[in-house]
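Spelled out from the first residue to the last, the chains are:
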Amino acid sequence: MFRKILFRFSTYNFINVTQKGKVALIQFNRPKAMNALCDGLIKELNQVTQEIDSNPEYGSIVITGNEKAFAAGADIKEMQDKSFPQVQNIQMLASWENLTNIKKPILAAVNGYALGGGFELAMMCDIIYAGENAKFGLPEATLGTIPGCGGTQRLIRAVGKSKAMEITLTGEFIDAQTALSYGLVSKVLPVANLVEETLKVAEKIASFSKPVAALIKDTINEAENIGLREGVKYERKAFYSTFATQDRKEGMSAFVEKRKPSWTDN
Ligand code: CAA
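How each quantity is defined
Residues numbered from 1 in each chain as written. Predicted model: local features only at pLDDT ≥ 70, side-chain atom pairs only at ≥ 80, totals over all residues. Heavy atoms only, no water. Helix = DSSP H or I, 4+ residues; strand = E, 2+ residues; numbered from the N terminus. Rg over C-alpha atoms; globule rule 2.2 N^0.38 Å. Contact = heavy atoms within 4.5 Å. Areas by Shrake-Rupley, 256 points an atom, 1.4 Å probe, with all protein chains shown as cover. Lys, Arg positive; Asp, Glu negative; His and termini not counted. Charge placed at Lys NZ, Arg CZ, Asp CG, Glu CD. Near = heavy atom within 4 Å. Polar contact = N/O pair within 3.5 Å; in protein donor to acceptor, adjacent residues only side chain to side chain. Expected span 1.5 Å × (residues − 1). Buried < 20%, exposed > 50% of the residue type's maximum accessible area, 1.4 Å probe, protein only. Domains from an automatic or database assignment. Buried area = accessible area lost by both parts, 1.4 Å probe. Salt bridge = Lys/Arg side-chain N within 4 Å of Asp/Glu carboxyl O. Nonpolar A, V, L, I, M, F, W, Y, C, P; charged D, E, K, R; others polar. Arc of directions from axis to C-beta. Phe/Tyr/Trp six-rings, centres within 6.5 Å; stacked < 30°, edge-to-face > 60°.

Undergrad: Sorry if this is basic, but what is going on with the overall build of the chain here?
TA: A count of helical and extended segments in the chain gives 11 helices and 11 strands. Compactness check: the chain gives a C-alpha radius of gyration of 19 Å against a globular reference of 18 Å for 266 residues, within 12% of the reference. The C-alpha extent of the chain, read off along each of the three principal axes, is 65 × 45 × 40 Å. In the chain, of all internal contacts separated by at least 6 residues, the share reaching a separation of at least 24 is 66%. In the structure as shown, the chain presents an accessible area of about 14400 Å², 54% of it carried by carbon and sulfur atoms. Positive and negative side-chain charges in the chain, numbering 32 and 29 respectively, have mean positions lying 5 Å apart.

Undergrad: Explanation requested: the site of the ligand in the structure shown.
TA: The immediate surroundings of the ligand are formed by 23 residues, with Ala74, Ile76, Gly117, Glu120 and Gly148 found nearest. Within the backbone of Ala72, an N or O atom sits 2.9 Å from a nitrogen atom of the ligand. Contacts to the ligand include Glu140, whose side-chain N or O atom sits 3.0 Å from an oxygen atom. Out of a free accessible area of 980 Å², the ligand has 65% covered by protein chains. Those elements that place two or more of their residues in the shell around the ligand are helix H2 (76–79), strand E7 (113–115) and helix H4 (117–124). Here the element with the most residues in the shell around the ligand is H2; it accounts for 3 residues.

Undergrad: What exactly am I supposed to notice about helix H1 (residues 39–53) here?
TA: Three or four residues apart is the spacing at which side chains of an α-helix point the same way, because the helix has 3.6 residues per turn. Taking 1.5 Å as the rise per residue, H1 with 15 residues should run 21 Å; its terminal C-alpha atoms sit 21 Å apart, in good agreement. Taken residue by residue, H1 has Leu41, Ile42, Glu44, Leu45, Asn46, Val48, Thr49, Glu51, Ile52 and Asp53 as its buried positions. Buried residues belonging to H1 abut strand E2 (15–20), strand E3 (23–28), strand E4 (60–64) and H4.

Undergrad: I'm lost on the domain arrangement of the chain in this one. Help?
TA: When the parts of a complex come together, some accessible area is lost, and that lost area is often used as the size of the interface. As assigned here, the chain comprises domain 1 (3–206) and domain 2 (210–256). Taking only C-alpha atoms into account, the centre of domain 1 sits 26 Å from that of domain 2. At the junction of the two partners, domain 1 supplies 10 residues and domain 2 supplies 6 residues. Of the roughly 640 Å² buried where domain 1 meets domain 2, counting both sides, 51% is carbon and sulfur surface. Ranking the residues of domain 1 by area buried against domain 2 places Lys103, Asp126 and Arg157 at the top, with a combined share of 50%. Linking domain 1 to domain 2 there are 1 salt bridge. For the salt bridge of Lys217 with Asp126, the shortest nitrogen-to-oxygen distance reads 2.8 Å. The tally of links from domain 1 across to domain 2 stands at 5 residue pairs in polar contact (both at pLDDT 80 or more). The residue inventory of the side of domain 1 that touches domain 2, partitioned by class, reads 5 nonpolar, 1 polar and 4 charged.

Undergrad: How should I be thinking about helix H11 (residues 246–256) in this particular structure?
TA: Within H11, the full set of buried residues consists of Asp247, Glu250 and Ala254. Buried residues of H11 fall within an arc of 60° about the axis and therefore sit on the same side. Exposed side of H11, more than 90 degrees from the buried face: Lys249, Phe255 and Val256 are the residues found there. Contact partners of the buried residues in H11: helix H9 (210–222). Residue Thr245 occupies the N-cap position of H11, its side-chain oxygen lying 3.0 Å from the main-chain nitrogen of Arg248. Within two residues after H11, Lys258 carries a phi angle of roughly 55°, on the positive side.

Undergrad: It is not clear to me how the packing of aromatic side chains should be interpreted in this structure. Could you clarify?
TA: Here a ring pair, both rings aromatic, is described through the centre-centre distance and the interplanar angle of the planes. Considering all chains together, one arrives at 5 aromatic pairs under this definition. Measuring from ring centre to ring centre gives 6.0 Å for Tyr113 and Phe173, while their planes differ by 70°; the resulting arrangement is edge-to-face. In this pair, Tyr113 is assigned in strand E7 and Phe173 in the loop between helix H6 (161–170) and strand E10 (174–175), connecting sequence segments 60 residues apart. Given a relative accessible area of 32%, Tyr113 falls into the partly exposed group. Since its relative accessible area comes to 39%, Phe173 is described here as partly exposed. Judged by centre distance (5.3 Å) and plane angle (55°), the ring pair of Phe119 and Phe136 falls under tilted. Within this pair, whereas Phe119 is found in helix H4, its partner Phe136 is found in strand E9 (residues 135–137), the two being separated by 17 residues in sequence. Residue class for Phe119 comes out buried when judged on its relative accessible area of 0%. You can call Phe136 buried: its relative accessible area is 1%.

This is the structure in structure tokens:
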């Protein structure tokens, strides 16, 4: 069903990358460590997502783990002996944020544990689907630290203050149905079907105009950073900019001419 992506950077130690149609599927591959997100994994993730983003063959990305764990957080063994000057000097975790610069839509398919940095990475994605066994949590307080990849900031925006405080201060996990009721995830699916169903949605997204998908992603994400008045202006400018694309012309012409559009912009 899948074929290997033949990128310039084509061998990975910590992830598997496959292609289905216009969708790139990235799977974390550290099963013995519950897919803990070590430095090497994040470097590979950043490199491959940037390559996919600039490759016109792809229209969307799915990120997943395995049935036990999406990812159980940053690698605690790598952090264990670090000092304050060390983490500050290397700006530890700062490069994780690169994922938020990817223009193509990213869907997270979460089975099993999505904890700490794993949950934070999922929240950087544009859509989260959860398997019935998913468990989300920010257990950093149990380790004597706090989330460092935007967990506190994104969680409050996703679920509001009281729930964000409860999840982060107690370190307790929430299950898939609770995550659904909080609006953190869009769907809960059977574990065995999760990736397949997520790929179907990713394929649908990838079948539309790429610049339009990038504009939708950008304008919705921008709402996290700016107020309503500025956001509405920002959206309108983005709307106007679609009139500079061939795809906007094609989409409206196809509607009027009662035919299927053919998207050509990359
Ligand atoms: N880092 C490094 N190794 C990890 C890990 C992590 N985050 N999570 C799990 N592992 C390793 C375990 O050490 C264990 O390795 P060994 O076999 O060598 O002992 C292996 O994965 C299997 O784990 P468990 O034996 O613990 O499996 P379990 O089924 O009993 O429990 C779990 C699963 C609940 C996920 C548990 O492993 C756990 O609580 N993991 C840590 C979760 C966590 O605290 N995450 C936050 C990390 S800090 C962070 O992410 C900061 C940030 O903001 C970026």
